[in-house]
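The lines below spell out each chain.
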Amino acid sequence: DGGITQSPKYLFRKEGQNVTLSCEQNLNHDAMYWYRQDPGQGLRLIYYSQIVNDFQKGDIAEGYSVSREKKESFPLTVTSAQKNPTAFYLCASNPDMNTEAFFGQGTRLTVV
Amino acid sequence: DAKTTQPTSMDCAEGRAANLPCNHSTISGNEYVYWYRQIHSQGPQYIIHGLKNNETNEMASLIITEDRKSSTLILPHATLRDTAVYYCIVTGVAGGFKTIFGAGTRLFVKA
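Conventions and cut-offs
Residues numbered from 1 in each chain as written. Chains lettered and ligands numbered in written order. Predicted model: local features only at pLDDT ≥ 70, side-chain atom pairs only at ≥ 80, totals over all residues. Heavy atoms only, no water. Helix = DSSP H or I, 4+ residues; strand = E, 2+ residues; numbered from the N terminus. Rg over C-alpha atoms; globule rule 2.2 N^0.38 Å. Contact = heavy atoms within 4.5 Å. Lys, Arg positive; Asp, Glu negative; His and termini not counted. Charge placed at Lys NZ, Arg CZ, Asp CG, Glu CD. Buried < 20%, exposed > 50% of the residue type's maximum accessible area, 1.4 Å probe, protein only. Areas by Shrake-Rupley, 256 points an atom, 1.4 Å probe, with all protein chains shown as cover. pLDDT = per-residue confidence, 0-100. Pairing = 2+ DSSP bridges. Buried area = accessible area lost by both parts, 1.4 Å probe. Salt bridge = Lys/Arg side-chain N within 4 Å of Asp/Glu carboxyl O. Polar contact = N/O pair within 3.5 Å; in protein donor to acceptor, adjacent residues only side chain to side chain. Nonpolar A, V, L, I, M, F, W, Y, C, P; charged D, E, K, R; others polar. Axes fitted to C-alpha atoms, helices over the stretch in contact; angles between N-to-C directions.

What follows covers the overall build of chain B. When its secondary structure is counted, chain B shows zero helices and nine strands. Ordered by position from the N terminus, the helices and strands of chain B form the series β-β-β-β-β-β-β-β-β. In summary, chain B has a C-alpha radius of gyration of 13 Å against a globular reference of 13 Å for 111 residues, a match within 12%. Expressed as lengths along the three principal axes of its C-alpha atoms, the size of chain B is roughly 40 × 30 × 25 Å. Intrachain contacts of chain B at a sequence separation of at least 6 include 56% that bridge at least 24 residues. A gap of 4 Å separates the mean positions of the 10 positive and 9 negative side-chain charges of chain B.

Take a look at the structure:
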């Protein structure tokens, strides 16, 4: 089945450690995105990529990093510089930036 | 990117139509209106989108006013499984999909 997969679903890390969240899609989509969601809030854009080997900062990129070495993969690293990393992280993709997006099921990161 | 305004929450009786409004008074001519919904702790799900004309699919109908400054998402026969947060966003050629999602409307469908 085609889709977008995020792993793991739940992730726990100690404060000060970097952690990488996985996002894989087999939809052959060019564009991929990372969003952060805090309780009771909407989604905020962290990074997006329109094509392989290219990505741009979203509205809240500080403390995060990404790579896009393969079309199907867009991993997000939450660094120790991110002051409040505990959140629900969502990955999305679409064929281009002006069509409907498909979302993964999210990774809930808890930093203790 | 154009901003949207939605009510914080709404109730609807099961089996009745749910009408969710959205204001987007600063929308520009090449921007689309998209609707998504998010069931608790899951990824958002695409529902429908439109530019000028009203649209209908198997999930919902989208009514866009003639001046395009507002729209209404209609779930014709709401079920308990339609309880979710509904997001109205506006995006277009310039903004692409990097429009921020607002807090959306929390729809409660009651038996």
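The structure having been displayed, the exposition proceeds.
Time to look at the overall build of chain A. Check the secondary structure of chain A and you find zero helices and 11 strands. Written out in order from the N terminus, the α and β elements of chain A read β-β-β-β-β-β-β-β-β-β-β. For chain A, the residues scored as buried account for 46% of the 112 residues in total. Counting only carbon and sulfur atoms, one obtains 46% of the accessible surface of chain A, whose full area is about 5,500 Å². Across chain A, the mean location of the 11 positive side-chain charges is 9 Å away from that of the 12 negative side-chain charges.

We now examine the confidence of the model for chain B. When pLDDT is averaged along chain B, the result is 89, and 90% of the positions lie at 70 or above. Strand β8 (residues 84–92) of chain B is the least confidently modelled element of chain B, averaging 88 in pLDDT, while strand β6 (residues 61–64) of chain B averages 98, the highest of any element.

Residue and element names in this part refer to chain B. Within the open sheet, the four strands sit side by side as β2-β7-β6-β5. Their pairing is antiparallel. If you trace the sheet from one side to the other, it starts and ends with β2 (18–23) and β5 (55–56), each paired once. Of the strand pairs in this sheet, β6 and strand β7 (residues 70–75) are connected by four bridges, and their pairing is antiparallel. Paired with L62 across the bridge in β7 is L73.

What follows deals with the interface of chain A and chain B. On the side of chain B, 19 residues touch chain A, which itself brings 21 residues to the contact. Of the roughly 1,700 Å² buried at the junction of chain A and chain B (both faces included), carbon and sulfur atoms supply 56%. At the boundary of chain A and chain B, one finds zero salt bridges. At the junction of chain A with chain B, the criterion picks out four residue pairs in polar contact (both at pLDDT 80 or more). When contributions to the side of chain A that touches chain B are tallied by element, the ones reaching two or more residues are β4 (31–37), β5 (43–51) and β9 (87–94) of chain A. Taken together, the residues of the side of chain A that touches chain B break down into 10 nonpolar, eight polar and three charged.

Two modes of strand pairing occur in sheets, parallel and antiparallel, and in both the strands are linked by backbone hydrogen bonds. Residue and element names in this part refer to chain A. Taken together, the four strands give an open sheet; going across it, the order is β1-β3-β8-β7, and neighbouring strands pair in antiparallel fashion. Looking at the sheet topology across the chains shown, the edges are occupied by β1 (4–7) and β7 (64–66). Geometrically, the sheet is characterised by an average inter-axis angle of 20° between neighbouring strands, direction not taken into account. In this structure, β1 lies alongside strand β3 (residues 19–25), joined through four bridges in antiparallel fashion. Bridging across to β3, T5 finds its partner in E24.

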